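# Geometric and topological summary
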Amino acid sequence: ALPSIGARVPGSENERLAAAYITETFAKLGYTPETTRFSAWDENDEAYASQNVIAVKQGSSPKAIIVGAHYDSGEESLGADDNASGVAALVELARVFAAGPLPRRTLVFAAFSGEELGILGSSHFASHPPVPLDSVQAMINMDMVGRPKDGKITVGGVGSSPGFAEEVKRAGEAVGLGV
């Protein structure tokens, strides 16, 4: 999200630089990152090539949790907020789990591109998952994280699974943050 890099528009050199950075960071953490390439078309029907970057931490169970964030940004978006903040959180979680003990669930860290043009990277991921989709217990998507307002943050999608709302509320209370 450096101003010198600028927007990370899908298919651009800046997007490729961001993907390379994420790939190198996952590798330095001890993962074997995989890039999955896909082709898509922008709003002007121009074809472009893009990629997702995936790292997997095998767990003791075949059940999986996907943690994702998109790393592309639009020309007008606030790159650090949308969504280098989510990617920073994704990479930090990958770092913490790389250094920790074997997790109970397999963890899939997914950096998507093409979100700004219609969730293209995550759609490609769902069509070509690194783990069987029926093994996935939860998917946590981080977009524009760390944006509290009046001491509160907004967490969307908690109604998509029983127990998420209560878990998020409890986690917020544990750190003194309203949700």
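Residues numbered from 1 in each chain as written. Predicted model: local features only at pLDDT ≥ 70, side-chain atom pairs only at ≥ 80, totals over all residues. Heavy atoms only, no water.

Turning next to the nonpolar core. Counting 18 residues, the largest nonpolar core has Ile22, Phe26, Tyr71, Leu90 and Phe109 as its most contacted members. Of all the elements in the fold, those that place two or more residues in this core are helix H1 (13-28), strand S2 (47-57), strand S3 (64-70), helix H2 (80-99) and strand S4 (106-112). When neighbours within four sequence positions are excluded, Ile22 is seen to be in contact with Val53, Tyr71, Val87 and Ala111. Judged by nonpolar contacts, the second largest core, of eight residues, contains Ile54, Ala64, Phe112 and Val131. (Core = buried A, V, L, I, M, F, W, Y, C linked by side-chain atoms within 4.5 Å. Buried < 20%, exposed > 50% of the residue type's maximum accessible area, 1.4 Å probe, protein only. Helix = DSSP H or I, 4+ residues; strand = E, 2+ residues; numbered from the N terminus. Contact = heavy atoms within 4.5 Å.)

Among the structural elements, Glu173 can be located in helix H4 (residues 164-174). We classify Glu173 as exposed; its relative accessible area is 53%. Remark: the alpha-carbon pair of Glu173 and Asn83, spanning 90 residues in sequence, is separated by 25 Å.

Attention now moves to the environment of Val155. Take Val155: it is sitting in the loop between strand S5 (136-141) and H4. Take Val155: its relative accessible area is 34%, and that puts it in the partly exposed class. With 24 residues separating them along the chain, Val155 and Val179 place their C-alpha atoms 6.9 Å apart. Excluding residues within four positions of it along the chain, Val155 makes contact with Val168 and Val179.

Below, the discussion takes up the sheet that holds strand S1 (residues 34-41). One open sheet holds the five strands; their spatial order is S1-S2-S4-S3-S5, and the pairing between them is mixed. Taken across any chain shown, the strands that pair with only one partner, and hence form the sheet edges, are S1 and S5. Taking each pair of neighbouring strands and ignoring which way they run, the sheet shows an average axis angle of 20 degrees. Along the sheet, helix H3 (residues 120-127) contacts S1, S2, S3 and S4; its crossing angle with S1, the most-contacted strand, is approximately 120 degrees. (Pairing = 2+ DSSP bridges. Axes fitted to C-alpha atoms, helices over the stretch in contact; angles between N-to-C directions.)

Function cannot be inferred from these measures alone, as they are strictly geometric.
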